[in-house]
Amino acid sequence: MSTLIHPVILCGGAGTRLWPLSRKSYPKQFTQILGDESLFQASARRLSAPMFAPPTVITGADFRFIVIEQLASIEIAPGAVLIEPTGRNTAPAICAAALKLQQNMDDAVMLVAPSDHVIPEDSEFRDAVAAALPAAAEGRLITFGIRPDRAETGYGWLELGQSIEGIDVPMALKRFIEKPEADLAQSMLDGGQHLWNAGIFLFSANAILKAFERFAPDILEGARAAVAGAQSDLGFTRFDPKPWNDLPDISIDYAVMEKADNLSVMPYRGAWSDLGGWEAVWREAGPDAQGVVTHGPAHALDCENSLLRAESEKQQLVGIGLKDIVAVAMPDAVLIAHKSCAQDVKLAVTTLKAQGVSQAETLPRDYRPWGWYESLVMGARFQVKRIVVHPGAALSLQSHNHRSEHWIVVEGTAKVTIDDSVKLVTENQSVYVPLGAVHRMENPGKVPLTLIEVQTGSYLGEDDIIRYEDVYARS
């Protein structure tokens, strides 16, 4: 068996419980919630050590360039980036990843980990993985259990049937327990024979595929077809959408783990959080003596056990006399909730989405493969944007049916194509793109290009784009 462990990072979640900071267009795993790195970057760094092969990342098409950009910024090269045509939960994703790894290495050992968990002690976590490796090499399916420090009702639990004290090797699992009521959670905490279910797994590709063949053959069949029909796209691997979209939306626990008879639990005693809501962010951020956490231009006066977070330097968030409150201010949306209702944020997002509110899923800043843009001012027949283009990046060659554009370069140099004309536009210079003109903007320099775009016309929607060429293979 190979001595290297192959990390598989699951990176497709929406993170709606951390709205308005996390949204479908840019979910929590890519956001700097705690510290200077995103949760995804911290996860990738944790799984970058001599014992690990380059990571395999499973994500959606909209996030593929964000994955590459964030890994590049911490100097980690992925082994593969696998693209799900649609989200189908963890069972299909893990099955497909195992099939891909098995193509290259029949006895590959996989460490499957979500991209949005907080595990501060990297070396301690790696030690736990190393301790579980012999059992995985013997064909066991290993799930990691977290030693609980409170009667948490928001997690699934694992019952071991014996005390976990002093045991640092995989243990037999007695049963899974769904998110419990408060009394049961307290009883399990006091009993010392239960762990939180972390959703982190270690097993060989062969072992997990045998489990799928036994307990979920329909998933194995569909995933095998999706992998067999996969297409290479700019270095990414896109699963065949037809068989993939027919797969059930089901977790690995329900599909396989709760049925398997070769499952073991590896206790992990270090700090851990799935950062599944704002109360968890408050807890992990380290409240002060009054139980208060502030972030950004936020100020707490006579507050207790509260989180105040402001995301824009243009705003000031002030809380006075607050107790057990979460207040998160974004430039386009504000959340105010009692901490006991923090898990209900997902319901608020569903309500906003049903009402057609754009803030339910999209941020003011829209990230693209070439950089990002944000709308500064918008009227009935005009819009002003700030656009930032990465060094060496280029927008598609395109035209518009309903709008013209003025570009004013404020930082860097732009290479601009308008019909048959190609020229460089430097700082404090501008260029006009007439309605219907075929045009492109590129950044030929080594520093980011920033420009102000003024659009005028009868329709300013992002779907008014006719693409002729695109280095990112967008349709």
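This one's a predicted model, so the numbers in the text were calculated from it and none came from an experiment.

The rules behind these values
- Residues numbered from 1 in each chain as written.
- Predicted model: local features only at pLDDT ≥ 70, side-chain atom pairs only at ≥ 80, totals over all residues.
- Heavy atoms only, no water.
- Buried < 20%, exposed > 50% of the residue type's maximum accessible area, 1.4 Å probe, protein only.
- Helix = DSSP H or I, 4+ residues; strand = E, 2+ residues; numbered from the N terminus.
- Pairing = 2+ DSSP bridges.
- Axes fitted to C-alpha atoms, helices over the stretch in contact; angles between N-to-C directions.
- UniProt positions renumbered as here; feature names shortened; annotations may be inferred.
- Contact = heavy atoms within 4.5 Å.

1. Points about the pairing of strand β3 (residues 80-84)
Part 1: Most of β3 sits out of view: four of its five residues are buried.
Part 2: In this sheet, β3 lies alongside strand β2 (residues 56-60) in parallel orientation, the contact comprising five bridges. Across the sheet, Gly60 pairs through a bridge with Glu84, a residue of β3.
Part 3: Strand direction decides the pairing type here: β3 and strand β11 (residues 236-238), joined by two bridges, are parallel. Paired with Ile83 across the two strands is Arg238, which belongs to β11.

2. Remarks on the sheet that holds strand β20 (residues 371-378)
Part 1: Overall, antiparallel pairing links the six strands, which are arranged β19-β20-β21-β28-β23-β26 in an open sheet. Only two strands of the sheet have a single neighbouring strand rather than two, namely β19 (365-368) and β26 (430-433). Neighbour-to-neighbour, the strand axes of the sheet open up by a mean angle of 20°, direction not taken into account.
Part 2: By the bridge criterion, eight bridges tie strand β23 (residues 403-411) to strand β28 (residues 449-457) in an arrangement that is antiparallel. Directly across from Glu405, in β28, lies its bridge partner Gln455.

3. Looking at the side chain of Glu374
Part 1: For Glu374, the location among the structural elements is in strand β20.
Part 2: Here Glu374 falls in the buried class, since its relative accessible area comes to 14%.

4. A short note on the UniProt feature "domain: MannoseP isomerase/GMP-like beta-helix" (unreviewed entry) in the protein
Part 1: In this structure's numbering, the residues bearing the UniProt feature "domain: MannoseP isomerase/GMP-like beta-helix" (unreviewed entry) are residues 301-351.
Part 2: The span residues 301-351 is 14% helical and 37% strand by assignment, and the distance between its end C-alpha atoms comes to 32 Å.

5. Overview of the sheet that holds strand β15 (residues 307-310)
Part 1: Read from one edge of the open sheet, four strands run β13-β15-β17-β18, paired in mixed fashion. Two strands bound the open sheet, and with one partner strand each, they are β13 (293-295) and β18 (334-338). Pairwise comparison of adjacent strand axes, ignoring direction, gives a mean angle of 0° for this sheet.
Part 2: Relative to β18, strand β17 (residues 325-329) runs antiparallel, the two being bridged by five bridges. What sits directly across from Ala327, in β18, is Ile336.

6. Quick look at the environment of Ala185
Part 1: Within the secondary structure, Ala185 is located in helix α5 (residues 182-191).
Part 2: Taking the C-alpha atoms as reference points, Ala185 and Asp302, 117 residues apart in sequence, are found 33 Å from one another.
Part 3: Non-local contacts of Ala185, meaning those with residues more than four positions away in its chain, are made with Ala151, Glu152, Thr153, Trp157 and Pro180.

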